Amino acid sequence: GVWPIVVGTLNVVMWALVVAIPVGLASAIYLSEYASPRARRTIKPVLEVLAGIPTVAIGLFAFFAMRPVAAALLPFLDWSSLWSVGVAGVAVGLMIVPLIASISDDAMRAVPRALREGGDALGANKFRVSLRVVFPAAISGIIASIVLAGSRAVGETMVVLIAAGRTPSLTFDPTQSVQTMTAYIAGTATGDIPTGTLDYNTIFAVGALLFAVTLGLNIL
């Protein structure tokens, strides 16, 4: 019966990466190729500070602020549920943007200056050099940032517990409530569970599966 919460976890990760990858990579390209030294000294620390916001605060913001805004912007969807996996995924995505942006920026800045000058000598503009020269040269670091961000999204607990709900369901509807593996562990692992019962053993089974998934992502 673990499949519904595995699908719920993948659902959150999918929405998180849909938001985090374009925003994070655009931020990294700007910081690496376009930002002045002064702007970089200001923006990069701000991005890194965003990664330190408590996840409980992000979860409450998603539930009380982001969900009403999403319902107002997309009235044609069914918002009958109080919780939304799409909103939770977007909140997790915003949370992991600094991870992708920071690591990808470091990877792009490590690309030798000679490659950029070669692109300039061939007549390519700055945007084309960024996308066709710098980006491919830094692709290993960029992929590493995306994989690490995905691993962070898989392990997120409080945001999905607050904003995505606790309804295990096989759905990819962004307006519906789902339950993730971390939310199941957090919601079930209370002090009232007797040792050796089915619920007790299930917590460790789901925890072992979660460990295997995150270990696989880190190995990748």
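Bear in mind that the values here come from a model prediction, so they are computed numbers and not experimental data.

1. Focus: a nonpolar patch on the surface
In step 1: On the surface, a cluster of nonpolar side chains totalling about 450 Å² of accessible area is made up of Tyr 30, Tyr 34, Ile 43, Phe 127 and Leu 131.
In step 2: Secondary-structure elements contributing two or more residues to the nonpolar patch are helix H1 (3-34) and helix H6 (126-137).
In step 3: Inspection of the secondary structure puts Tyr 30 in helix H1.

2. A few points about the pattern of salt bridges
In step 1: All told, the structure shown has six salt bridges when counted by the stated rule.
In step 2: A salt bridge links Asp 105 to Arg 40; the nearest nitrogen and oxygen atoms lie 2.6 Å apart. Note that Asp 105 is positioned in helix H4 (residues 85-109) and Arg 40 in helix H2 (residues 37-50), a separation of 65 residues in sequence.
In step 3: A salt bridge links Lys 44 to Asp 105, with the shortest nitrogen-to-oxygen separation between them at 2.9 Å.

3. Details of H4
Because each turn of an α-helix spans 3.6 residues, side chains separated by three or four positions end up pointing in the same direction.
In step 1: Between its first and last C-alpha, H4 extends 35 Å over 25 residues, near the 36 Å set by a 1.5 Å rise per residue.
In step 2: Extensive coverage of H4 is indicated by the burial of 19 of its 25 residues.
In step 3: The N-cap residue of H4 is Ser 84: its side-chain oxygen and the backbone nitrogen of Gly 86 are 3.4 Å apart.

4. Considerations on the packing of aromatic side chains
In step 1: Per the counting criterion, the structure on display carries three aromatic pairs.
In step 2: Each ring, one from Phe 63 and one from Phe 64, has its centre 5.0 Å from the other, and the planes form 90°; the classification is edge-to-face.
In step 3: Of the residues examined, Phe 64 reaches a relative accessible area of 60% and is grouped as exposed.
In step 4: For the pair Phe 63 and Trp 83, a centre-to-centre distance of 6.5 Å together with 40° between the ring planes defines the contact as tilted. With Phe 63 in helix H3 (residues 55-73) and Trp 83 in the loop between H3 and H4, this pair connects stretches of sequence that are 20 residues apart.
In step 5: Judged by its relative accessible area of 21%, Phe 63 is partly exposed.
In step 6: A network of ring pairs unites the aromatic residues Phe 63, Phe 64 and Trp 83 as a single cluster.
In step 7: Lying over the aromatic face of Tyr 34, Lys 126 brings its terminal NZ or CZ to 5.9 Å of the ring centre.

What counts and how
Residues numbered from 1 in each chain as written. Predicted model: local features only at pLDDT ≥ 70, side-chain atom pairs only at ≥ 80, totals over all residues. Heavy atoms only, no water. Patch = residues over 30% accessible without salt bridge, like charges linked within 9 Å, V, L, I, M, F, W, Y side chains within 5 Å. Areas by Shrake-Rupley, 256 points an atom, 1.4 Å probe, with all protein chains shown as cover. Salt bridge = Lys/Arg side-chain N within 4 Å of Asp/Glu carboxyl O. Helix = DSSP H or I, 4+ residues; strand = E, 2+ residues; numbered from the N terminus. Expected span 1.5 Å × (residues − 1). Buried < 20%, exposed > 50% of the residue type's maximum accessible area, 1.4 Å probe, protein only. Polar contact = N/O pair within 3.5 Å; in protein donor to acceptor, adjacent residues only side chain to side chain. Phe/Tyr/Trp six-rings, centres within 6.5 Å; stacked < 30°, edge-to-face > 60°. Lys NZ or Arg CZ within 6 Å of the ring centre and 35° of its normal.

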